[in-house]
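# Analysis of the macromolecular model
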Amino acid sequence: KGTNDSASDEIAHLILEASTDRRAGITIEGDSNDIQAFMGRPYDTANTLVFETDATERMRIDSSGNVGIGGSASYKLEVKDATNPQIAVTDTTNTVTTMLRALDDQGYVGTQTNHPLRLVTNGTIRATLDTSGNVTIGTANADPHSYGGNTLTVASEADANIGNISIASSQN
């Protein structure tokens, strides 16, 4: 149904109604009437919005506002896939890509590009893993190579030269 009531602020709206045995939504079909995309309410659930391509559900938003990509969601955003599901965030200025990935038996957090990974709390850098594998904790400015390379450096936020603990590898 569409309406255009000049007495209201609405120009037009679309209402899709379905019974329990029919879907309600917008379907995009190809030349041979095969469904290429669908957005709407599936057969089995009310208060759920699904997005499909090639007759396969790709994303759903449930009545709680949870968004599931690759299946239903138990969290506000959940990405599911049998083959290495991952989330990437890329800053296109310097092509910095940070990844969150799950494999069959392990999880990954890190950069996919040649950039350091920083851990931040309350807007302050607390630890840095640089592209050589060196870790600094408590400061963003310590140069791990000044301690002999291949080091874990723990420093005071106020002064990187006070209270340092440096653990260097036996190979220099």
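Below: a short report on this structure. No experiment lies behind these values; they were computed from the predicted model shown. (Residues numbered from 1 in each chain as written. Predicted model: local features only at pLDDT ≥ 70, side-chain atom pairs only at ≥ 80, totals over all residues. Heavy atoms only, no water.)

## Some points on the pattern of salt bridges
Summed over the entire model, instances satisfying the criterion amount to 2 salt bridges. Of the charged contacts in the structure, one is a salt bridge between Arg 60 and Glu 57, with a shortest N-O distance of 2.8 Å. The class for Arg 60 is buried, based on a relative accessible area of 14%. Since its relative accessible area comes to 28%, Glu 57 is described here as partly exposed. Here Lys 80 and Glu 78 are joined by a salt bridge, their closest N and O atoms 4.0 Å apart. The class for Lys 80 is partly exposed, based on a relative accessible area of 32%. (Salt bridge = Lys/Arg side-chain N within 4 Å of Asp/Glu carboxyl O. Buried < 20%, exposed > 50% of the residue type's maximum accessible area, 1.4 Å probe, protein only.)

## Side note on the sheet that holds strand β11 (residues 107-111)
Taken together, the 3 strands give an open sheet; going across it, the order is β9-β10-β11, and neighbouring strands pair in antiparallel fashion. This sheet does not close on itself; its edge strands, each paired only once, are β9 (86-91) and β11. Across the sheet, the mean angle from the axis of one strand to that of its neighbour is 5°, orientation sign disregarded. Looking at chain direction, strand β10 (residues 96-102) and β11 are connected through 5 bridges and run antiparallel. Each residue of the ladder has a partner; that of Leu 100, found in β11, is Val 109. (Pairing = 2+ DSSP bridges. Helix = DSSP H or I, 4+ residues; strand = E, 2+ residues; numbered from the N terminus. Axes fitted to C-alpha atoms, helices over the stretch in contact; angles between N-to-C directions.)

Spatial relationships are all this shows, so hold off on functional conclusions.
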